[in-house]
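# Chains, contacts and geometry: an overview
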Amino acid sequence: MGALLDGVYDGDVTIRELLQHGDFGLGTFNGLDGEMLVLDGVCYQLRSDGSAHPAEPGQLTPFAVVTWFEPDRSFDVSEPVDRAALKCRIDESLPSANLIVAVRVTGDFSEIRTRTVTEQHRPYPPFAEATQDQREVIFRDVSGTLAGFRMPDYEQGVSVAGYHSHFVDAERRHGGHALDYLLARGRVEISVRSDLHLSLPRTPEFLAAEMNRPDADTQIRKTEG
């Protein structure tokens, strides 16, 4: 994430290689060409028009987080809850705020507001500028899956601290980065992880990137919603 802030949008890991490390996760594609969602071993590319389709195995990513999703606990939601209330319920169910948590929410959403970054072209602008023209799409009365992570605060800059989730509908044809939502009913599955494998790019752009920005926390929170 620190490299993304500095406009490093091209990585050297293929989707084919990425899927060898997990069947669940999120990220983005080279050139910020849409949001990434990995679900049940399939990598989806979520575009700025709200559409979703399987990514090609040879596509590249500058940033992604994946795991093998194995639920440790779960609970049902039978009454409407908004984003803040659901995060509180998940937090209350966790053994600690210092571990990595993958979260999968499957259900019916009264409304979910998403955004997707638009593809960037060289010379790349900084991330804060690139996300200014992101497009928002609102889905109403939709069934689907909200998938992502709750990362500890100390992960900020490597990943995104706190909650970071992407959404895809039940048909897996539409979705985006989740900004806000109202879950009418559904099931929450939680997978707690304590192992972290970090693979860094070796591209010239990454090697020269400014990774110690004093405003990194503020910028990440601003751009990720």
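Keep in mind that what you see is a predicted model, and the values were worked out from it rather than measured.

### Re the environment of V137
Note on placement: V137 falls in strand 11 (residues 135-151). Sequence spacing of V137 and C43 is 94 residues, and the spatial spacing of their C-alpha atoms is 21 Å. Apart from residues no more than four positions distant in its own chain, V137 is found in contact with D49, G50, I112, R113 and T114.

### A word on the sheet that holds strand 4 (residues 42-46)
Strands in a sheet are paired, the pairing made by backbone hydrogen bonds, and the direction either parallel or antiparallel. Pairing is antiparallel in the open sheet, where five strands are placed in the order 5-4-3-2-7. Because the sheet does not close on itself, it has two edges, and the strands there are strand 5 (52-54) and strand 7 (64-67). Recorded for the sheet is a direction-independent mean angle of 20° between the axes of neighbouring strands. Pairing analysis gives three bridges linking strand 4 to strand 5, with the strands arranged antiparallel. Paired with Y44 across the two strands is P54, which belongs to strand 5.

### Quick notes on helix 3 (residues 83-93)
In an α-helix, one full turn covers 3.6 residues, which means residues spaced three or four apart are oriented alike. Those residues of helix 3 that fall on the buried side of the exposure criterion are R83, L86 and I90. On an axial view of helix 3, the arc spanned by its buried residues comes to 70°, and they lie on one face. Each element contacted by the buried residues of helix 3 is listed here: strand 8 (73-77), strand 9 (81-82), strand 10 (100-116), strand 12 (162-169) and strand 13 (175-193).

### A word on the nonpolar core
Counting residues in hydrophobic clusters, the biggest one holds 28 residues, and the most contacted among them are M1, L4, Y9, F24, L32, F127 and F149. Elements that contribute at least two residues to this core include exactly helix 1 (2-5), strand 2 (24-28), strand 3 (35-39), strand 4, strand 10, helix 4 (127-130), strand 11 and helix 6 (216-224). Discounting residues that sit within four places of it in the chain, Y9 has contacts with L4, F29, N30, G31, L32, P62, Q120, Y124, P125, P126, F127 and A130. Within the second largest apolar cluster, 22 residues are counted, among which are F75, I112, F139 and I190.

### Regarding unusual backbone geometry
In this structure, P123 follows R122 across a cis peptide bond, with omega equal to -5°. Its identity is not glycine, yet D40 carries a phi of approximately 55°, on the positive side. Along the chain, D40 falls in the loop between strand 3 and strand 4. With a phi close to 50°, D141 is a non-glycine residue in the positive phi region. Along the chain, the position of D141 falls in strand 11. On the basis of relative accessibility, which here comes to 69%, the residue D141 falls in the exposed class.

### Remarks on helix 6
Those residues of helix 6 that fall on the buried side of the exposure criterion are A216, Q219, I220, T223 and E224. Taken down its axis, helix 6 places every buried residue within 110° of arc, on the same side. Of the residues in helix 6, the exposed ones pointing more than 90 degrees away from the buried face are T218 and K222. Looking at the packing, one finds that the buried side of helix 6 touches helix 1, strand 10, helix 4, strand 12 and strand 13.

### Section: the pattern of salt bridges
Under the defined criterion, the tally for this structure stands at 16 salt bridges. One salt-bridge network, held together by shared partners, links D10, R122 and E205.

### Digging into the packing of aromatic side chains
Per the stated rule, a full pass over the model turns up seven aromatic pairs. With a centroid separation of 5.9 Å and 70° between ring planes, the pair formed by F24 and F149 is classed as edge-to-face. Note that F24 is positioned in strand 2 and F149 in strand 11, a separation of 125 residues in sequence. For the pair F24 and F149, one class covers both residues: buried.

### Quick word on the side chain of T118
Take T118: it is sitting in the loop between strand 10 and helix 4. Contact partners of T118, with chain neighbours within four places excluded, come to G31, L32, S48, D133 and R135.

Scoring rules and cut-offs
Residues numbered from 1 in each chain as written. Predicted model: local features only at pLDDT ≥ 70, side-chain atom pairs only at ≥ 80, totals over all residues. Heavy atoms only, no water. Helix = DSSP H or I, 4+ residues; strand = E, 2+ residues; numbered from the N terminus. Contact = heavy atoms within 4.5 Å. Pairing = 2+ DSSP bridges. Axes fitted to C-alpha atoms, helices over the stretch in contact; angles between N-to-C directions. Buried < 20%, exposed > 50% of the residue type's maximum accessible area, 1.4 Å probe, protein only. Arc of directions from axis to C-beta. Core = buried A, V, L, I, M, F, W, Y, C linked by side-chain atoms within 4.5 Å. Salt bridge = Lys/Arg side-chain N within 4 Å of Asp/Glu carboxyl O. Phe/Tyr/Trp six-rings, centres within 6.5 Å; stacked < 30°, edge-to-face > 60°.

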